[in-house]
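Coordinate analysis (summary)
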Amino acid sequence: MNDLTVLNPLGILDSGERQKVLTQHPAHLIRRTYQIFLYCFDEAMAGLNLSPMMWIMIATARNYPGLSVTELARSAVVDKASCGRTATMLEKRGLLLIRKSDTDGRQKVLELTPAGVALAIKGEGRVERLRSLLLDQLDKDEKDRFVGQLASYVQKSGKFTRSSIPEFPGPDSD
């Protein structure tokens, strides 16, 4: 084997074959899936002025009021630093209150404001539209397999996330 083959293992393929290897690569397909998700999210949540990160935090704060930043980050499965930054943005928009914990002054506790609750309710009304945008082009069996495979992949690959995103099954678990 010459050095060129080691440095460029796809070099023996023509450009069309090399491009197919790239576009059928799992990394490319995951990136494309994320692009599709972002488009669908923007369509479903149009007018709410929310990013996916803001939405998961608002929805989680509605589901589990009074969580600390750390607990919300775990429950939403996002990193703590991003959670803290996004909480500050949501507070500036009047959607979230950040206060010190009564029991541990080092912890910051998050609560939705009335405006945050109203926005969460509007967003909840659009979640099914998001699901439809993402999945309606698939038949029922394809939808079930796709969602099942995504869930399996995420569960089995969780160890490959950033260390600042701890595995956490949810606030109600033992």
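A brief look at the structure comes next. Please read all numbers here as calculations on a predicted model, not as lab measurements.

A word on helix 7 (residues 114-124)
The complete set of buried residues in helix 7 reads Gly116, Leu119, Ala120 and Gly123. With its buried residues spanning 105 degrees around the axis, helix 7 presents them on a single face. Of the residues in helix 7, the exposed ones pointing more than 90 degrees away from the buried face are Pro114 and Lys122. Where helix 7 is buried, its residues contact helix 4 (52-63), strand 2 (108-112) and helix 8 (127-135).

Observations concerning the nonpolar core
Counting 29 residues, the largest nonpolar core has Leu50, Met57, Ile58, Leu72, Cys83, Leu90 and Leu96 as the members making the most contacts within it. Elements that contribute at least two residues to this core include exactly helix 3 (26-44), helix 4, helix 5 (69-76), helix 6 (80-92), strand 2 and helix 7. Among the elements that line this core, the one with the most residues is helix 4, at seven residues. Among all residues touching leucine 90, those that are not within four sequence positions of it are Met54, Met57, Ile58, Leu95 and Leu96.

Observations regarding the environment of threonine 33
Structurally, threonine 33 is set in helix 3. Residue classification places threonine 33 among the partly exposed residues on the basis of a relative accessible area of 40%. The sequence separation of threonine 33 and leucine 134 amounts to 101 residues, and the corresponding C-alpha distance is 9.6 Å.

Side note on a nonpolar patch on the surface
A contiguous nonpolar patch, built from Ile30, Tyr153 and Val154 and spanning about 320 Å² of accessible area, is present on the exposed surface. Note that valine 154 resides in helix 9 (residues 140-157).

Some words on the side chain of serine 68
Within the element layout of this structure, serine 68 appears in the loop between helix 4 and helix 5. For serine 68, a relative accessible area of 6% corresponds to the buried category. Those residues within four positions of serine 68 in sequence are excluded, and the remaining contacts are Gln107, Lys108 and Val109.

Observations concerning unusual backbone geometry
Outside of glycine, negative phi angles account for most residues, and trans bonds account for most peptide bonds. Despite not being glycine, asparagine 49 has its phi angle at roughly 55 degrees, a positive value. Of the residues examined, asparagine 49 reaches a relative accessible area of 58% and is grouped as exposed. Of note in this structure, valine 77 is not a glycine but carries a positive phi near 55 degrees. Along the chain, the position of valine 77 falls in the loop between helix 5 and helix 6.

Criteria and cut-off values
- Residues numbered from 1 in each chain as written.
- Predicted model: local features only at pLDDT ≥ 70, side-chain atom pairs only at ≥ 80, totals over all residues.
- Heavy atoms only, no water.
- Buried < 20%, exposed > 50% of the residue type's maximum accessible area, 1.4 Å probe, protein only.
- Helix = DSSP H or I, 4+ residues; strand = E, 2+ residues; numbered from the N terminus.
- Arc of directions from axis to C-beta.
- Contact = heavy atoms within 4.5 Å.
- Core = buried A, V, L, I, M, F, W, Y, C linked by side-chain atoms within 4.5 Å.
- Patch = residues over 30% accessible without salt bridge, like charges linked within 9 Å, V, L, I, M, F, W, Y side chains within 5 Å.
- Areas by Shrake-Rupley, 256 points an atom, 1.4 Å probe, with all protein chains shown as cover.
- Salt bridge = Lys/Arg side-chain N within 4 Å of Asp/Glu carboxyl O.

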